[in-house]
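Spelled out, the chains give:
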Amino acid sequence: LTEPLMDVCNPKQVITTHAKVFDLDLNTAPKDCLKFESKFSIKSKVHDFCHALVLYFTVEFSRCRNPITLSTSPLEYYTHWKQSVLYLDTPIPLSMREDIKGTIKMWVSGEKKDKTVIQVGTQFKGVTSIKQERTYKYG
């Protein structure tokens, strides 16, 4: 798949810690705010294969009289929002507390700026070493 799968991820299938890859203040964000590059590191919580990375967002409406947080995390209460599932070309065999390190880049493209491109590179050094990179496109 070159397009991310939009689906609800079962919380029992989440086998690693999470990592924040982008932080945005909607009150001060510039027009090109969706172009970013970030490094990440996640740690295995179980002995299993990692087949995909899951992207989600959390929004904090902190300037309200009663602040509200909306999270699309698979570990939070279900909403109608889904997660973006980025399948890896090669599943990563993880043991407890092993790290997957990587880089994620995101930008918009297309004549109307209506397409989103996400490029993910992962590096894993365990019993086997796996390095892979993949580009996913929405729209």
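As a reminder, the structure under discussion sits directly above these lines.
A short tour of the structure in this document, coming up. If you're wondering where the values come from, they're calculated on a predicted model, not measured in any experiment.

### Considerations on the overall build of the chain
Consideration 1: Per the secondary structure count, the chain includes zero helices and nine strands.
Consideration 2: When its helices and strands are written in sequence order, the chain yields β-β-β-β-β-β-β-β-β.
Consideration 3: In terms of C-alpha radius of gyration, the chain reaches 16 Å, essentially the compact-globule figure of 14 Å for 139 residues.
Consideration 4: Each principal axis of the C-alpha atoms in the chain carries an extent, and together these give about 50 × 40 × 25 Å.
Consideration 5: Counting over 139 residues, the chain shows a buried share of 30%.
Consideration 6: Here the chain has roughly 9900 Å² of accessible surface; of this, 53% comes from carbon and sulfur atoms.
Consideration 7: The centroid of the 20 positive side-chain charges in the chain is displaced by 2 Å from the centroid of its 15 negative side-chain charges.

### As for empty space enclosed by the protein
Over the atoms a probe the size of a water molecule is rolled, and this reveals where empty space is left.
Consideration 1: Following the criterion strictly, the structure yields one cavity of 30 Å³ or more and no others.
Consideration 2: With four residues, the single largest contributor to the lining of the largest cavity is strand S9 (residues 129–138).
Consideration 3: Here the lining of the largest cavity is composed, by residue class, of three nonpolar, two polar and three charged.

### Digging into the sheet that holds strand S7 (residues 99–109)
Consideration 1: Strand order across the open sheet formed by four strands is S2-S7-S8-S9, with antiparallel pairing between neighbours. With one partner strand each, in any of the chains shown, strand S2 (36–43) and S9 form the two edges of the open sheet. On average, each strand axis in the sheet is tilted by 15° relative to the strand beside it, whichever way the strands run.
Consideration 2: Here 10 bridges tie S7 to strand S8 (residues 115–125), and the two strands are oriented antiparallel to one another. The partner of Ser-109 across the bridge, within S8, is Lys-115.

About the thresholds
Residues numbered from 1 in each chain as written. Predicted model: local features only at pLDDT ≥ 70, side-chain atom pairs only at ≥ 80, totals over all residues. Heavy atoms only, no water. Helix = DSSP H or I, 4+ residues; strand = E, 2+ residues; numbered from the N terminus. Rg over C-alpha atoms; globule rule 2.2 N^0.38 Å. Buried < 20%, exposed > 50% of the residue type's maximum accessible area, 1.4 Å probe, protein only. Areas by Shrake-Rupley, 256 points an atom, 1.4 Å probe, with all protein chains shown as cover. Lys, Arg positive; Asp, Glu negative; His and termini not counted. Charge placed at Lys NZ, Arg CZ, Asp CG, Glu CD. 1 Å grid on protein atoms, 1.4 Å probe; cavity = no way out; pocket = protein on both sides within 12 Å on 5 of 7 lines; lining within 4 Å. Points joined across faces, edges and corners; volume = space filled by probe spheres on them. Nonpolar A, V, L, I, M, F, W, Y, C, P; charged D, E, K, R; others polar. Pairing = 2+ DSSP bridges. Axes fitted to C-alpha atoms, helices over the stretch in contact; angles between N-to-C directions.

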